[in-house]
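# Examining the three-dimensional arrangement
Next come the chains, spelled out residue by residue.
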Amino acid sequence: MAGVGDAAAAGEGGAGVQERDGRGEAEQPGRGGGGHGSPPAPQHTETLGFYESDRRRERRRGRAELSLLRFLSAELTRGYFLEHNEAKYTERRERVYTCMRIPRELEKLMFFGIFLCLDAFLYVFTLLPLRVFLALFRLLTLPCYGLRDRRMLQPAQVCDILKGVILVISYFMMHYVDYSMMYHLIRGQSVIKLYIIYNMLEVADRLFSSFGQDILDALYWTATEPKERKRAHIGVIPHFFMAVLYVFLHAILIMVQATTLNVAFNSHNKSLLTIMMSNNFVEIKGSVFKKFEKNNLFQMSNSDIKERFTNYVLLLIVCLRNMEQFSWNPDHLWVLFPDVCMVVASEIAVDIVKHAFITKFNDITADVYSEYRASLAFDLVSSRQKNAYTDYSDSVARRMGFIPLPLAVLLIRVVTSSIKVQGILSYACVTLFYFGLISLKILNSIVLLGKSCQYVKEAKMEEKLFNPPPTSTPGKPSSQSQSKCKSSQGLSTEENLSASVTSQPVHQKENVTPLLVTSNSDQFLTTPDGDEKDITQENPELKHRSSKKDLLEIDRFTICGNRID
C-alpha cells in the first residue's frame, strides 16, 4: 500500500512540474517497488486536456486577428516585383512594339509592291506596243538582213508578238459581251445572291490566276524552244488558243466582279456594299488563327499586294462607268468619293490587323517585311541583267499572281466604250495621253530601279546578281554547283539544302530541258524547319543568308502544296 501511495504522489508531483514548465511526459514510472509499474490513466487524460486547451486558445487568438479591416489592409498594401520574371515581361513589351511597327513596315512593302504592279501594268499599254512594232518591223525586213542569224526573231521578240496578238484578239472578243445587259442582270438579283456571287468570283479569280500564268509560260516556251530539240509538246497553235481562251475568260470574270461592285455602289441603302466590305473582316478569322511560317507570310503579303492593286483598278472601272452614265458630271464624282474611300480604308485596316496578329501569334518580327521588300527588289534588278531568263512583268506574275493581260483587256474595253473619240483634237489628246503614260512608265521604272538597288545593297544580296544561272540536265546537278560544293563546306550545305528541297513532291523544276536557264528564284520551295535549324547550328554565318535564300525561292502559287493551315 505504501508503494502505491508513493507512486501516486510521484505522479501528482510530475503532473505539477508539467503544468509549471508547460511540457511533460505521458507516463511517469513509480519509484517504489512492487507491482507491474503500469501508468495511471488520470495522468494521461490531464496531459491531453492541457494540449487541447492550448490549441483552443490559439484558435481563439487567430479568429480574433481575422477581420475584414485586416483583409482589406492586406489587399491594399501587398506588393510584388516584376523583375522576378524579367524575360517574360520584356518579351511582352517587344510584342507590343512589333504590333506598333507593323502598320509602317507593312505599308512600305505594300507601297513598293503596288508600284511594281503598276509598272508591269503600264508596260502593257506603253512599251509592249512599241516592242511589238519593232519585232514586226524586223520580221518584215528580214530579207534585208540575209541569213546571217540562225533565228528569225529573238525569243523576247517572239513573246512580245504573242502577247500583242493575244491582247488584240481578246479585245475584239470582249466586244461581244454586253456590259449593260450584265449590269441589269446582276442588279436584279437579291443581296444574298450577290454576296455569294462576289465570294465565288474571288475564289475563281485566284484559281484562274494560278493556272493562267502556267498557260502563258507554256506558250512562250513552246514558241521559243530550239527546233533541234525532240518534240515533247502538242504544238504552238493549241497552246496559243488555250492562252487566248484563258485571257478572254479571265477578263469576263473580272468584268463580272467590277459590275457587282458597281451595283453595290449604286444601291440605295448601301447594304450590299456594307456586306462586301464585311467580307474583308471575315478574312481575318480565316487567317489569323492559323500557323504561319515566314515563307507563308511572304506568300500572303504578295497576295494582298495583288488584291489591293486589283481593287484599285476595279474602283477605277466603276468610276468610269458611273461618270459615263451621268454625262461626266464632276459633281457625281464627289458622290462616289466617300464610298471609294470607305472601301480603300477597310482594305487597309483589314490588312494591318491581319498581319499584326499573325506576326504576334507566330513570333515573327516586323523586320521580315524589309526582307520581303528586298526579295521583290531582287526580282526587278535581276530582270535587267544580261543573263535574265524572263520579262519583268512575267516575274511579277509568278511572284504575286498578278497577270496584267486580262485586266488590261478589260480596262481597254471599258475606256473605249465609255469615251468617244471624234475629231482631230480628240486624237491629239489621245496621243498626248499616250506619251504621258510612256513618261509615267519610264519615270516609275527609273525610281523603282534605283530603290530596288538600294534595298538589294542594304540586304547584302548584290553578289547573287553576278552569279551566272546554272544550266542543268534533268535529274543531274550542274558541274558548276558540284565544283562549288567541293571547294566550300558552306556551299555544300546549301547544296544539301537544295537537294532536300527538290525531294518535295510539288517541285518540278528539275525536269527542265538542258538549255533552259534557271536561277535561284525559280526553286520555288522552301527549307523545312528542321533542316534550317541544323544548318544554322553548324554554321551561324548561313543563318542570315539562308533566310533570304528562302524568300527568293518562293513562288506565289507553287508553294500552295506546302502551305501550313
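Residues numbered from 1 in each chain as written. Predicted model: local features only at pLDDT ≥ 70, side-chain atom pairs only at ≥ 80, totals over all residues. Heavy atoms only, no water.

## What about the overall build of the chain?
- Tallying secondary structure elements over the chain gives 21 helices and zero strands in all.
- Taking all 565 residues of the chain together, the buried fraction comes to 42%.
- Long-range pairs, those at least 24 residues apart, make up 82% of the contacts in the chain between residues at least 6 apart in sequence.
- By element, 62% of the accessible surface of the chain is carried by carbon and sulfur atoms, the whole surface being about 32,400 Å². (Helix = DSSP H or I, 4+ residues; strand = E, 2+ residues; numbered from the N terminus. Buried < 20%, exposed > 50% of the residue type's maximum accessible area, 1.4 Å probe, protein only. Contact = heavy atoms within 4.5 Å. Areas by Shrake-Rupley, 256 points an atom, 1.4 Å probe, with all protein chains shown as cover.)

## Looking at helix α11 (residues 271-288)
- Between the first and last C-alpha of α11 there are 26 Å, a value that for 18 residues agrees with the 26 Å anticipated at 1.5 Å per step.
- Contacts from the buried residues of α11 go to α9 (191-224), α10 (236-266), α12 (294-325) and α13 (330-361). (Expected span 1.5 Å × (residues − 1).)

## Structural notes on the packing of helix α4 (residues 86-125) against helix α17 (residues 424-458)
- The geometry of α4 relative to α17 is characterised by a closest axis approach of 9 Å and an angle of 140° between their N-to-C directions. Taken together, the axes of α4 and α17 are oblique relative to one another. Handedness of the crossing formed by α4 with α17: left-handed. When α4 is examined against α17, the residues Phe112, Phe115, Leu116, Leu118, Asp119, Leu122, Tyr123 and Phe125 are found in contact with a partner set consisting of Tyr434, Leu437, Leu440, Lys441, Asn444, Ser445, Leu448, Lys451, Ser452 and Tyr455.
- Taken together, the residues of the contact of α4 with α17 break down into twelve nonpolar, three polar and three charged. (Axes fitted to C-alpha atoms, helices over the stretch in contact; angles between N-to-C directions. Parallel < 35°, antiparallel > 145°, perpendicular 65-115°, else oblique. Left-handed = near helix turned anticlockwise from the far one by under 90°. Nonpolar A, V, L, I, M, F, W, Y, C, P; charged D, E, K, R; others polar.)

## Let's talk about the UniProt feature "transmembrane region" (unreviewed entry) in the chain
- In the numbering adopted here, UniProt assigns the feature "transmembrane region" (unreviewed entry) to residues 160-177, 240-265, 402-419 and 425-450.
- Helix makes up 83% of residues 160-177 and strand 0%. Its end C-alpha atoms lie 26 Å apart.
- Segment residues 425-450 splits into 100% helix and 0% strand. End C-alpha atoms: 37 Å apart. (UniProt positions renumbered as here; feature names shortened; annotations may be inferred.)

## Regarding the pattern of salt bridges
- Inspection of the entire model under this criterion finds 17 salt bridges.
- The closest approach of N and O atoms between Asp367 and Arg101, which form a salt bridge, is 2.6 Å. In this pair, Asp367 is assigned in the loop between α13 and α14 (368-382) and Arg101 in helix α4, connecting sequence segments 266 residues apart.
- The exposure class assigned to Arg101 is partly exposed, which follows from its relative accessible area of 37%.
- Put simply, Arg399 and Asp379 hold a salt bridge, and the shortest N to O gap is 2.7 Å. Taken together, the residues Arg399 in helix α15 (residues 392-400) and Asp379 in helix α14 connect sequence positions 20 residues apart. By the burial criterion, Arg399 is buried, and Asp379 matches it.
- In this structure, a network of salt bridges that share partners links the residues Glu107, Asp304, Arg308, Asp351 and Lys354. (Salt bridge = Lys/Arg side-chain N within 4 Å of Asp/Glu carboxyl O.)

## Topic: a positive patch on the surface
- A surface patch of positive charge is lined by Arg55, Arg56, Arg59 and Arg60.
- The residue Arg56 is located in helix α2 (residues 41-65) in this model. (Patch = residues over 30% accessible without salt bridge, like charges linked within 9 Å, V, L, I, M, F, W, Y side chains within 5 Å. Lys, Arg positive; Asp, Glu negative; His and termini not counted. Charge placed at Lys NZ, Arg CZ, Asp CG, Glu CD.)

## What to know about unusual backbone geometry
- The phi dihedral of Asp363 falls on the positive side, at around 55°, and the residue is not glycine.
- Its relative accessible area of 52% is what places Asp363 among the exposed residues.
- Phi is positive for Lys460, close to 60°, though the residue is something other than glycine.
- The class for Lys460 is exposed, based on a relative accessible area of 60%.

## Some points on the packing of α4 against α12
- Where α4 meets α12, the closest approach of the two axes is 9 Å, and the angle between their N-to-C directions is 60°. Between α4 and α12, the crossing angle belongs to the class labelled oblique. Along this stretch, α4 crosses α12, giving a crossing that reads as right-handed. Contacts from Glu107, Leu109, Met110, Gly113, Ile114, Cys117, Leu118 and Phe121 in α4 reach Ser301, Asp304, Ile305, Arg308, Phe309 and Tyr312 in α12.
- Of the residues contributing to the contact of α4 with α12, the split by class is nine nonpolar, two polar and three charged.

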